[in-house]
Amino acid sequence: MSQREEFEKKLPIVGQRLQSSMVQVGNWPCCLNCDYWGARAKLDGKHRPEGAVGCGRANLAIPPPDVIVVGCEDWDPELPF
Ligand code: SF4
């Protein structure tokens, strides 16, 4: 396998790691690092339900996959952890 082929084979893995790091530090806006994810605290003052997932702005409904990946205009960067 040539060096170029090896590089092209590893490129998606490098991209996934980069994206994962950006999500964790909040540089990639998405549902998973949005303060509304799994939370109701901002809407009704109640505690975050144990193990809750989904969008707190939509009564914890699960957004479509493309929204989960890139977030929406209500994305809130205040990390809950
Ligand atoms: S749909 Fe929007 S507001 Fe809801 S969790 Fe995702 S980014 Fe946040």
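Residues numbered from 1 in each chain as written. Predicted model: local features only at pLDDT ≥ 70, side-chain atom pairs only at ≥ 80, totals over all residues.

Caption draft 1: A look at the overall build of the protein chain. When you go through the protein chain residue by residue, the secondary structure sums to three helices and zero strands. For the protein chain, the succession of helices and strands along the chain, N to C, is α-α-α. Across the 81 residues that make up the protein chain, the buried fraction comes to 12%. In the protein chain, the share of contacts with a sequence separation of at least 24, taken over all contacts with a separation of at least 6, comes to 40%. (Helix = DSSP H or I, 4+ residues; strand = E, 2+ residues; numbered from the N terminus. Buried ≥ 20, exposed ≤ 12 C-beta atoms within 10 Å, placed from the backbone. Contact = placed C-beta atoms within 7 Å.)

Caption draft 2: The site of the ligand, seen in detail. All residues in the neighbourhood of the ligand are listed as C31, C34, Y36, W37, C55, R57, P63, V67, G71, C72, D74 and W75. Residues belonging to the shell around the ligand are distributed by class as follows: nine nonpolar, one polar and two charged. (Near = placed C-beta within 6 Å. Nonpolar A, V, L, I, M, F, W, Y, C, P; charged D, E, K, R; others polar.)

Caption draft 3: Helix α1 (residues 3-25), seen in detail. If you check α1, its first and last C-alpha atoms are 32 Å apart, about what 23 residues at 1.5 Å a residue would give, namely 33 Å. In α1, a bend of some 35° at K10 exceeds every other bend along the element, and P12, a proline, comes one to four places later. For α1, the buried fraction is low: zero of the 23 residues fall into the buried class. (Expected span 1.5 Å × (residues − 1). Bend = angle between axes of the 7 residues up to and from the residue.)

Caption draft 4: Expanded view of unusual backbone geometry. At N59, a residue that is not glycine, the phi angle is positive and equals roughly 55°. Mapped onto the elements of the fold, N59 is located in the loop between α2 (41-44) and α3 (65-70). Residues other than glycine seldom take positive phi values, yet L60 does so here, at roughly 65°. Tracing the backbone through its elements, the reader meets L60 in the loop between α2 and α3.

Caption draft 5: Summary view of the nonpolar core. Formed by C31, C34, Y36, W37 and C55, the largest nonpolar core amounts to five residues. Other than its neighbours up to four places away in sequence, C34 contacts G71, W75 and D76. (Core = buried A, V, L, I, M, F, W, Y, C linked by C-beta atoms within 7 Å.)

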